[in-house]
Every structure is written in structure tokens, then in C-alpha cells.
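Coordinate analysis (summary)
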Amino acid sequence: MLENLLAVIREENLSEQLYHSLVGIELTEHRVDQHGHLSQRPQPLPWRNRPTHPYLRTGKLPSQVELITEPNPNIGGTLDRLDTLQTVVYRSLEGEDRIWPLSLPPVLAPSELTQLGSTWQADWLTGVQFHYSLPDPVVHRLYSHYTADFDSVVAFKNELYFRLAQNFVRYQWLLTYLFGASPIVEDGFFETVPAALSHPVRSVRQSGVLPSGTPVTYTSLAAHLGNLQRIMDAGKTVINGPVRLRGQVKPQDFLTGGIGYLEFRGFDNTPFTTNGVSRHAMYFLKTFLIYLLTRSSPTTNLASDLAAARDKNTAVALEDPNAATQFQAQGQAIFKAMRTMLDQLHAHTEQQRALDDLEEVLMHPELTPAAKLLTHMVHGSLMDYGLRVANAWRYQRLSSTALLPVYQTLSERCQRFILTAMQAGVQFYQVKDEFGADLLLFTYQGVTQVLQEQDTLMRDPRARLRQLFPDLPEAGNH
């Protein structure tokens, strides 16, 4: 159905636009106190009881915070927004709270884990979700080459996205190897540690040990949507699948409205960058997704191929972090094919460099996040390391000379205004006018106000924001 897609991309000279596919991040983190225990404080006021806050929300558990970036065509833009949101979180935390840098929670008292019941242990993990969407102009130009195969551009777009989803399932094991960062569990997480986790692994999250909801099939879009509908009809809310289709409310709506974007799940937080997300990982992921897009799926035995892929992912997750993966040769073949693709698409230096670095990780398992974490383990625990990183991150954020480092060229009062707006749930964007001057765009409930820096230099940002947006809730009245 999508034969010669890479050749069509080259013929239409779409590589640059593909490199600028939209990406967004949802990052979940735990709040902990100064001793490394899960925080017992309520969520900070700015997003307490605000399920529609555009940037900051409560996670599945009271100690969790979710940070949500808008889609952005540039990795740098996505990470800048994530950095700003991290700073907003730190500037909003109450008491001695700080952010736990690991995906697995710190040591838990038995009473903590039983609050939701042991069947919900997966909820205690934090992690990263990666949102990805293709630019509409790319979809339409590609569609012009396949009009004989598809009745509509919606059907074509769905085929593109679902091929991507299927191939992600098929090759997820490589990402688990490269980015798995949950090698051990701390005391209290299990009443009895499962035998499979009696030694360090690459990723507890991907190990198959944790209950993870109702499995969903990826054999075809029709089967997938029917599966989702049956799960919803049965009243179940937890779906076990590494890729979720987004953009419609009901499963069958995707057939008429189309898939808006894909949500890739199951990534561990990394403690080795202060935002919990690696820049090189994001560059690699963008390249990897283009590679998956151009790979055909098997036309026979697809169900067994997908089942084997899930088993392979679990096997990699349970490997010794310091040992070479049993699928290293297959990984080398993937990197070779990706390098050929990047040469054909005239990739940027940053993409080539990310590929080089992660191929080095493939060949040297001691460079994987899971293996690096083991070097910080003391008496079978990462508690000391996790708290040390949490303290360093807190100090770094709160001692910065700039209130919002991404916007440090703006005055401190202007940064304060932006911080207050984002805390309140007002979306903020900085753009340039035709003369290169800064324009500051603030949006709330569909209303946008355009300000210049001098318009933000008042002593009471909250009062000014309420003048601009009369429906903005009062502080603490959420």
C-alpha cells in the first residue's frame, strides 16, 4: 500500500519538512521531601484541582506532577519549553519539596503502596510520553502519489500513522535497550520481589512483571479500533499498548476524522539531564520514527510477528544492564539502515551526531542509562544517589540568577509576569515582529492578548492578568 515511500519522500524533497515534524512531551515526576520520602503535601496551588491546566497537572498519584509541552517543530523549542515548565514547577513547590529524578519511586512504606492496591503498582512509576505528528503539507504531497490506493487523504494519513505504530511495536526493544533506566526497585515496592527482578535489569517498566492493563492489538487499524471500543464498553480504563492514537474522542471517529498524532509511551525518566529527557534521545527518536515510517510491515504472519516483538522487548528489558544485548547484531543492521536513510535525506549534523552516539551505546552496554545507574548503587539501593540528584536539581533551579533562564534576555519583572501567567494556566509564546522586537502572546480560554515587554513591568502581575482575562480563577480558588 505504501511502496517506495522513501523514494517518494526524496522525489518530493520532503526531508526538511519531515525533520520538522511536531513533537511534544508529557513528563511525569514525583515530588519528595528533603529526606527522599514521597511528599505528603497537597499539590501546589497553581495547578491544584485544575484538570484542564495546559501545562501542569496532578498525575495518577497525589505526589506526582505532569508537565505538558505544546507540539513544536524543533527539538530545541520543545526542550526550552520543558525547561521553563520545570522551573515553574520548582518555583511553585511548597515547603522542602523537590523532584525525584528516577522513574521508580523511592523507598515506600507498606501503607503508601496499599493506598490504591498492589494491582496498581505501575501507577507508581513516572516517565515520558513522546507526541509525534506529521506536517499536513507532507501528508498531502505524499498522498498525491497514492491516490489510486486510497479513497481519501484521511484513509492515507491513517495508513501512515498506523504503519508507524505497528513498526514501533516491532522495534521497541531497541529503545528499551538504549533508554531503559529503571534497573531496580526500592524496598517496599513489592511485598516479595519477583524472581525476574532478583537482579538488576534494563527496565523494570518494560519487564512484563507489573500489571499493565488490557492488551490492545496492532494487527490492523480496524482490529485496533474495535479492540479499543470493546475495552471501553467493558468499562476498563487501563490499556496496555506502547502507542496510542490521538485526535478523536471515540475509536470509530478515527475512520472519518483521522489520526491527529501518535503518543509513544513507556520511556523511563533519565536522571542524567536536569529535565529528565535527553536531547540526543529526542533527536534520535525523530530520526527513528522517520525510519519506521519508511519500513514496510510484514504482509503475512503479522500477528505472530507483533507478538514475537513484544516478547523480544520483554527479553531486552530483563537483560543484565552491563551485558551486550542478545540482539546486538540486529541493532547494528538497524543503525546501518538508518545511516543510509540519513545520507539519502541529507540529514543535519545534529541528527548524524545523535545516531553516532547511540550506536556507540549499542556497542558498549556500560554506556546505557541502566548500567550507568548501577555505578551509583549502594547496598542494592539508589536512594542516596536519587536524593543527591534531587537536591542538586533543586539548588540549581532556585539559585539561578535568572528567574526563567530560557527568557533571561527579558527583564526580571517581565520574567515574573511570564512565570505568574504560566502558573495560572495562561499559555505564553514569544515571537518577533517584522522589526525584530519581542512580542509576548498570552492566551486563556481562546482569548489572546499581545503585549510588549514594557506592558509587563508592574508590581502585581496577577492583578494585571485578571484585567486581561477576567475569567481567570482567583489564586487558591481552583
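Residues numbered from 1 in each chain as written. Predicted model: local features only at pLDDT ≥ 70, side-chain atom pairs only at ≥ 80, totals over all residues. Heavy atoms only, no water.

**Side note on the UniProt feature "domain: Glutamate--cysteine ligase" (unreviewed entry) in the protein chain**
If you check UniProt for "domain: Glutamate--cysteine ligase" (unreviewed entry), the listed places come out as residues 7–112, 124–192 and 252–304 in our numbering. Strand forms 9% of residues 124–192 and helix 51%; the C-alpha atoms that close the span are 17 Å apart. Secondary structure over residues 252–304 splits into 43% helix and 13% strand, and the C-alpha atoms at its two ends are 25 Å apart. (UniProt positions renumbered as here; feature names shortened; annotations may be inferred. Helix = DSSP H or I, 4+ residues; strand = E, 2+ residues; numbered from the N terminus.)

**Focus on the nonpolar core**
By size, the foremost hydrophobic cluster in this structure holds 137 residues, and its most contacted members are F130, F264, F284, F288 and F442. Considering every element that reaches this core, the biggest residue donor is helix 6 (residues 153–179), with 15 residues. (Core = buried A, V, L, I, M, F, W, Y, C linked by side-chain atoms within 4.5 Å. Buried < 20%, exposed > 50% of the residue type's maximum accessible area, 1.4 Å probe, protein only.)

**Some details on helix 6**
If you look at helix 6, its biggest bend is around 55°, right at Y171. When you tally the buried positions in helix 6, you get 24 out of 27 residues, the bulk of the element. (Bend = angle between axes of the 7 residues up to and from the residue.)

**Considerations on the pairing of strand 3 (residues 64–68)**
Across the 5 residues that make up strand 3, a large majority, 4, are buried. Pairing of strand 1 (residues 22–32) with strand 3 involves 5 bridges; the strand directions are antiparallel. In the sheet register, H30 faces strand 3, and the bridge partner there is Q64. For strand 2 (residues 56–58) and strand 3, the ladder comprises 3 bridges, and the chain directions are antiparallel. Bridged to R57 within strand 3 is E66. Hairpin geometry of strand 2 and strand 3 is characterised by an intervening segment of 5 residues between the two adjacent antiparallel strands. (Pairing = 2+ DSSP bridges.)

**A short note on the pattern of salt bridges**
As enumerated under the stated definition, the model contains 17 salt bridges in all. Notably, a salt bridge pairs R397 with D83, separated by 3.1 Å at the nearest N-O pair. Placement of the pair is R397 in helix 14 (residues 383–398) and D83 in helix 3 (residues 75–92), with a sequence separation of 314 residues. Note on accessibility: R397 and D83 belong to one class, buried. Among the salt bridges present, the one from E263 reaches R265, with a minimum N-O distance of 2.5 Å. By the burial criterion, E263 is buried, and R265 matches it. Salt bridges here are not isolated pairs; linked through shared partners, they connect E96, R98 and R394. (Salt bridge = Lys/Arg side-chain N within 4 Å of Asp/Glu carboxyl O.)

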